[in-house]
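Chain by chain, the residues run as shown.
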Amino acid sequence: MSLIAILANPGSAQNARDGIALFDKVYTSPTPQENLVIARAALLGGIASRTAASYAKAFSAGLGTARDHFDAGMMLARMDRDNDAILAFDAVTAPSPLAAAAKYQRARALLALGRRDVARSALRDITTRFPQDTTSASALLLLADLATDDGREADARSAYLSLAKRFP
């Protein structure tokens, strides 16, 4: 069994970290497909910088699933690389539940960048594009919270009432 096959199913975070360390001792230039496998293992192993770098190399070769882009976006957001996270979340268009979650995380990244108006617009878009998805509930809660922070009590109330009506 090859080392990359082992990394494809490491079983645990420690195995993933150990497997990546061994791979790095043996190989110096992973292929794009190997980078995709390494990125997934690094994600499991909690190796943030390696996850981001390996996903970037795989994505530049056109590899990766919607889940990979979502996972990359989440890791990039944790690393405070919100502009890069937005790009990763933008690549997630299906399936619908994952796309809704990506749009929500994109809005949160926009907030982290201080782009409140764009984030509010993105959150409102979630509530219309994915009206029955529970991500809409999260978007409504965040819209209400933002309205409260801004002193827009009527808008906060409206968001809470919409939430209660749509997701009793």
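Predicted model only: the values in this text are computed from it and were never measured.

Draft legend 1. Representation of a nonpolar patch on the surface within the structure. Residues L22, V26 and Y27 make up a contiguous nonpolar surface patch of about 290 Å² in total accessible area. With respect to the element layout, Y27 can be found in the loop between helix 2 (13-26) and helix 3 (32-45). Overall, the relative accessible area of 41% leaves Y27 in the partly exposed class.

Draft legend 2. Representation of the environment of R17. Counting through the fold element by element, R17 comes out in helix 2. When the C-alpha atoms of R17 and L43 are compared, they prove to be 9.6 Å apart, with 26 residues separating the residues in sequence. Leaving out residues up to four positions away in the same chain, R17 has contacts with G45 and I47.

Draft legend 3. Representation of the side chain of T135 in the model. Of note, T135 is situated in helix 9 (residues 134-149). Here T135 falls in the buried class, since its relative accessible area comes to 11%. Among residues more than four places away in sequence, those in contact with T135 are A100, A101, Y104 and I126.

Draft legend 4. Region of the structure containing the environment of G151. In this fold, G151 is placed in the loop between helix 9 and helix 10 (153-166). In this structure, the C-alpha to C-alpha distance between G151 and A41, residues 110 residues apart in sequence, is 45 Å.

Draft legend 5. Spotlight on unusual backbone geometry. Along the chain, A94 connects to P95 via a cis peptide bond; the corresponding omega equals -5°. Inspection of the secondary structure puts P95 in the loop between helix 6 (82-90) and helix 7 (96-112). Unusually for a residue other than glycine, D80 sits at a positive phi of about 60°. Mapped onto the elements of the fold, D80 is located in the loop between helix 5 (66-78) and helix 6. Judged by relative accessible area, which is 65%, D80 ranks as exposed.

Draft legend 6. Quick peek at the nonpolar core. Counting 17 residues, the largest nonpolar core has Y104, L123, I126 and L142 as its most contacted members. Among the elements of the structure, helix 7, helix 8 (116-129) and helix 9 are those that each provide at least two residues to this core. Top element by residues in this core is helix 7. It accounts for 7 residues. L36, A39, A52 and L98 belong to the second-largest nonpolar core, a separate cluster that totals 14 residues.

Definitions and cut-offs
Residues numbered from 1 in each chain as written. Predicted model: local features only at pLDDT ≥ 70, side-chain atom pairs only at ≥ 80, totals over all residues. Heavy atoms only, no water. Patch = residues over 30% accessible without salt bridge, like charges linked within 9 Å, V, L, I, M, F, W, Y side chains within 5 Å. Areas by Shrake-Rupley, 256 points an atom, 1.4 Å probe, with all protein chains shown as cover. Salt bridge = Lys/Arg side-chain N within 4 Å of Asp/Glu carboxyl O. Helix = DSSP H or I, 4+ residues; strand = E, 2+ residues; numbered from the N terminus. Buried < 20%, exposed > 50% of the residue type's maximum accessible area, 1.4 Å probe, protein only. Contact = heavy atoms within 4.5 Å. Core = buried A, V, L, I, M, F, W, Y, C linked by side-chain atoms within 4.5 Å.

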